[in-house]
Amino acid sequence: NNTEMEAPMTRSAAAFLREQRVVPGGSMRHASWFPPHPPYAARGEGCWIVDLDNRRILDCANNFFSLVHGHAFPPIVAALTDAIANGTAFGLPMEGEIALAEALAARNPRLAQTRFCNSGTEAVMAAIKGARGTTGRHRIAKFEGCYHGSYDHAEVSLESKPEEWDDAAGNPASIAYAKGTPPAVLADTVVLPYADADRCAAILKREGPTLAAIILDPQASKAGMVPMPAEVIAAVKEACRRDGILLIVDEVVNFRLGLGGISPLFGLEPDFVTLGKIIGGGLPVGAVSGPAERMAVFNHAQGKPKVALGGTFSANPLTMAAGLASLTHYDEAAVARLNALGEALRQRVNQGMEAAGLPCRMAGAGSLFRLHLGARKVADYRSARPLPAETEALPRIHAAVLEAGILLTPNCSGALSTPMGEAQVAQIADALIQAVTAEVRA
Ligand code: PMP
C-alpha cells in the first residue's frame, strides 16, 4: 500500500546492510548472533551500552561475560591510558605480566605460575598440549556438549543431537561440531556424561590409561549452568589418581564466581587452569595457570620446552594493565557483593515465575544466570537443551527483553557487572517475567 509511510531505517539496520558487503555474517560468533541483526554498539558506560541509534541498553551479555566491571570502568581506562603512552608491543618481557601473574597466584596458590595468551581458545589448546607433553599420551576426555572454545578436540560433541548422541554402547558419542573435523580428532576425544557418575566411572575405567587429560567446567553453561554432581567429580578425581591423567579446569567464564576462581568452590585441585575473559579487563586474553611442576612443561628458559607456547601479542602491556586493574577492583568484597546480587536476581525471577504459574526457572551461580523454559529438571547438556517449542520461544523472549532495553545472550543467559545494583536486578527480573508471561499467554 503506497500511501503507507515506511518506517525510516535505523542506523543499526543501515550498518548491517553495509557490513554484509564486506564481512560475511558480521563478526559475531554464530551462537551469539540473532535476527534480524543485533543493534550496533556505539559506546558503553558502566552497565550500559549506547547503540548507534542512541538507545541505552542494560548490558547483561557483557561481551560474553568478559566484563565484570561493565564498560569504560574508570580504573581500567586510567590503567590503559598510562600504559598506551609507553608503547603497545615490545617482543620483550615486561613487568606488567609479572604483576598480573602475581595477582593470580595471590588469589589462589594453585595458580602459582601463569603463561598468558590471547584467548580462552588458545588457553585450552595450550593446557591440552601441556598435558600431552607431560604424560606422553595424546587422547583427552571432555564432558558432553560443554563449550571450551574452538580448538578441534574441545569442540567435540558441542551441539550433538538426540538422533546421534548415544554410541552403540549407550555412552555419549564423539560427534564432530565443525564440518571437516578430522576423524582422528573424534577417535582421540572421549565424551563423558555430566550427570551420570556410574557411567562416567565406567568409561574412565576403560579409557583412563590412554588419556592425557580430562577437561571440565564444573558449572558449565551448556550443561544448563547447573553444578556438576559431587559423585561425578569424585569419579574424575579417582581416574586421575589411578591412571595418571591430568585435570584441566576451564575457568574462562567461571573464574569470576570466587576470589580464587571456581576450583576451590568444588574442591578441585587442577593440574592446569584455563583462564580468560575478566582477567584481561576487557582486552583480548587467555592464560594457563598451575603449580610450578606442571607449568615447567612450558619453560623455555633452558632451551626448547616440551611444549612451546608463544604468540606475537601474548602478555601485551595493554591487556596486562587492564587485567590487573580489573582484578584489583574485583576483590573479596566485590566478588561477594556481585554473587549476592545474582542470588537476589534468581530468587526474584524464580519466585515471580512460580507465583505466576509460569513453567520457567532461572539457573546459575553467583553473577551468572541462565533461563530455562519448561518444568523438567535440568542436570546436563541433554536436559538443558531446549525442546523444539522452546527453541522457537527463546528468540521471542530474547527480543522482548531487548525491546524492554536489556541485552541477554540469545539463549537468555547473562552476567551481572559491578556497576549494577538492586535497581538493575529488579529491571531484569521484571522484564523476564513479563516476556515469559506474554509468551505463555500468546
Ligand atoms: N572456555 C569457556 C568455558 C568459554 O565459555 C569460552 C568462551 N566463551 C572459551 C573457553 C573460549 O574463550 P575465547 O572466546 O576467549 O576463545
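Everything discussed here concerns the structure shown above.
Residues numbered from 1 in each chain as written. Predicted model: local features only at pLDDT ≥ 70, side-chain atom pairs only at ≥ 80, totals over all residues.

Trainee: I'm lost on the overall build of the chain in this one. Help?
Mentor: When its secondary structure is counted, the chain shows 15 helices and 14 strands. For 442 residues, the compact-globule formula gives about 22 Å, and the C-alpha radius of gyration of the chain, at 22 Å, lands near that figure. C-alpha atoms of the chain, sized along the principal axes, occupy 75 × 60 × 45 Å. Burial analysis of the chain (442 residues in total) assigns 47% to the buried set. Restricting to contacts in the chain with at least 6 residues of sequence separation, those with at least 24 account for 70%. (Helix = DSSP H or I, 4+ residues; strand = E, 2+ residues; numbered from the N terminus. Rg over C-alpha atoms; globule rule 2.2 N^0.38 Å. Buried ≥ 20, exposed ≤ 12 C-beta atoms within 10 Å, placed from the backbone. Contact = placed C-beta atoms within 7 Å.)

Trainee: Please clarify how helix α3 (residues 74-84) should be interpreted in this entry.
Mentor: An α-helix turns once per 3.6 residues; consequently, residues spaced three or four apart project the same way. Restricting attention to buried positions, one finds in α3 the residues I76, A79, L80 and A83. Down the axis, α3 shows its buried residues gathered within 95 degrees of arc, on one side only. Turned more than 90 degrees off the buried face of α3, the exposed positions are P74, A78, T81 and D82. For α3, the elements touching its buried residues are α11 (317-328). (Arc of directions from axis to C-beta.)

Trainee: Could you clarify how one ought to interpret the pairing of strand β3 (residues 56-59) in this entry?
Mentor: The side chains of a regular strand alternate between the sheet's two faces. In terms of strand pairing, strand β2 (residues 48-51) meets β3 through 3 bridges, oriented antiparallel. Within β3, the position partnered with V50 by the bridge is R56. Hairpin connection from β2 to β3: 4 residues lie between these consecutive antiparallel strands, with N54 at a positive phi of about 70 degrees. Judged from the 2 bridges that link them, β3 and strand β13 (residues 406-407) form a sheet pairing that is parallel. Of the residues in β13, the one forming a bridge with D59 is L407. (Pairing = 2+ DSSP bridges.)

Trainee: Teacher, can you tell me more about the site of the ligand here?
Mentor: Near the ligand lie 14 residues; those nearest to it are S119, G120, T121, G149 and V252. Looking at which element gives the most residues to the shell around the ligand, the answer is helix α5 (residues 120-135), with 3 residues. (Near = placed C-beta within 6 Å.)

Trainee: What's the story with the sheet that holds β2 in this structure? I'm lost.
Mentor: Strands pair in a sheet through their backbones, by hydrogen bonds, and they do so in one of two ways: parallel or antiparallel. Read from one edge to the other, the open sheet built from 4 strands follows the order β1-β2-β3-β13, with strand pairing classed as mixed. Every other strand in the sheet has two partners, leaving β1 (41-45) and β13 as the edge strands with one partner each. The pairing of β1 with β2 spans 4 bridges and is classified as antiparallel. Paired with E45 across the strands is W48, a residue of β2.

No statement about biological role is implied by the geometric values presented.
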